[in-house]
Amino acid sequence: FSALMGLLKQGIESGRSSVCRNSLIGLGEILTHLCPDSLTKHFSAVLGLVEAALLRSCSKDKKFIAKAAFEALLSGTKGKCSHVLLKALILCSSTKNADINGRSIFFIESCLEKLLEFDLKEWPESVEIGPLIACLRKGIKEKSVEGKLASKRALNLCKRCLGEDIFEAEIKRGADGAEILSVLAAKQTVKKSQSIKETKSKLNGFAFSWNESDQLNFENVGILAPSEVSVDATVSPSVATSMNENLA
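Given the structure is predicted, the values throughout are model-derived calculations rather than measurements.

Cut-off values and rules
Residues numbered from 1 in each chain as written. Predicted model: local features only at pLDDT ≥ 70, side-chain atom pairs only at ≥ 80, totals over all residues. Heavy atoms only, no water. Helix = DSSP H or I, 4+ residues; strand = E, 2+ residues; numbered from the N terminus. Buried < 20%, exposed > 50% of the residue type's maximum accessible area, 1.4 Å probe, protein only. Contact = heavy atoms within 4.5 Å. Areas by Shrake-Rupley, 256 points an atom, 1.4 Å probe, with all protein chains shown as cover. Core = buried A, V, L, I, M, F, W, Y, C linked by side-chain atoms within 4.5 Å. Axes fitted to C-alpha atoms, helices over the stretch in contact; angles between N-to-C directions. Left-handed = near helix turned anticlockwise from the far one by under 90°. Nonpolar A, V, L, I, M, F, W, Y, C, P; charged D, E, K, R; others polar. Parallel < 35°, antiparallel > 145°, perpendicular 65-115°, else oblique. Salt bridge = Lys/Arg side-chain N within 4 Å of Asp/Glu carboxyl O. Expected span 1.5 Å × (residues − 1).

Turning next to the overall build of the protein. Scanning the protein from terminus to terminus reveals 13 helices and two strands. Out of the 248 residues belonging to the protein, those deemed buried represent 46%. Considering only residue pairs separated by 6 or more positions, the protein has 64% of its internal contacts joining residues 24 or more positions apart. Just so you have it, the protein exposes about 12,800 Å², and 52% of that area is on carbon and sulfur atoms.

Laid out in structure tokens, this is it:
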């Protein structure tokens, strides 16, 4: 098994696109279907794979590789080993690269959506609350907008599961507790589904976002020219029309 993990890591880091993409697909299968005990026993190898995949998911050179890495990690957040992946992502969220930190927290939130289900009666034993809360506290102050928004949503998931009193007690353990609670009390306008759409749009070369008043914000991320992008009118007639006019 260790040899397999080593080969996958080499494949993900390979300069050959086909090898890299197939290795990422293999990682997604492992994270989704493999027995959690097996990954726990080889956690250091798992951590190396997750680090490599996160780096690929933030790459701006080859969009189809970035998309494959994104989809592999996203599928892993919903699989059998989501708690193992969560632990690895927490460790990956404190690098010097703001994009990797933000992307790590994005997937941490997805793991929590799986682990902290609505009908959950108590906090799962597989999730260490201390390191998680510490990670999300830092995430709110990240340079990455993706990380900031995901941290807020993830903390609200924790609050729902723990209950308001226990959650506030955990947050107030830090010197910035009052500040964090104030940020969480502010109105949240960006939903998880919208965040995923925006991230996938970036991987396709052009990112866009919209707010409640249908005012559009565009961000050319430099992979495709705006003229090469079309907008699906099923998003919203008014939004799609306005977006296509701007792209023209």
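Bringing the nonpolar core into the picture now. Within the largest apolar cluster, 60 residues are counted, with the highest numbers of intra-cluster contacts made by I108, L112 and L132. Excluding its chain neighbours within four sequence positions, the residues that come into contact with L132 are L86, I90, I108, L112, W123, V127 and C158.

Before going further, it helps to spend a moment on the side chain of E170. By the element assignment, E170 lies in helix α10 (residues 164-171). The residues touching E170, leaving out its near neighbours within four places in the chain, are I129 and R137.

Right, let's talk about the packing of helix α8 (residues 129-140) against helix α9 (residues 145-162) for a bit. Think of two packed helices as two axes; the pair is described by the angle between the axes and how far apart they sit. Relative to each other, α8 and α9 sit at 145°, their axes nearing to 8 Å. Note that α8 runs across α9; the crossing there is left-handed. Residues I129, L132, I133, L136, G139 and I140 of α8 form the contact with α9, whose participating residues are G147, K148, S151, K152, A154, L155, C158 and L162. Here the contact of α8 with α9 is composed, by residue class, of nine nonpolar, three polar and two charged.

Time to look at the packing of helix α2 (residues 17-33) against helix α5 (residues 63-76). The contact between α2 and α5 brings their axes to 7 Å, and the two run at 10°. With respect to their mutual orientation, α2 and α5 come out roughly parallel. Residue-level inspection shows S17, C20, R21, L24, G28, L31 and T32 of α2 in contact with α5, the latter providing F64, I65, A68, A69, A72, L73, S75 and G76.

Moving on to the pattern of salt bridges. Considering all chains together, one arrives at nine salt bridges under this definition. Two residues, E113 and K78, come together in a salt bridge whose shortest N-O distance is 3.2 Å. Residue E113 is located in helix α7 (residues 98-115), and its partner K78 is located in the loop between α5 and α6 (82-92); the two are separated by 35 residues in the primary sequence. Accessibility expressed as a relative area gives 40% for K78, which makes it partly exposed. Salt-bridge contacts for E170 lead to R173; the nearest nitrogen and oxygen are separated by 3.3 Å. Look at R173 and you get exposed, because its relative accessible area is 66%. Through salt bridges with shared partners, a single ionic network connects R137, K141 and D176.

The first and last C-alpha atoms of α2 sit 24 Å apart over 17 residues, in line with the 24 Å expected at 1.5 Å per residue. Those residues of α2 not exposed but buried are S17, C20, S23, L24, L27, G28, I30, L31 and T32.

Shape descriptors only; they carry no functional weight alone.
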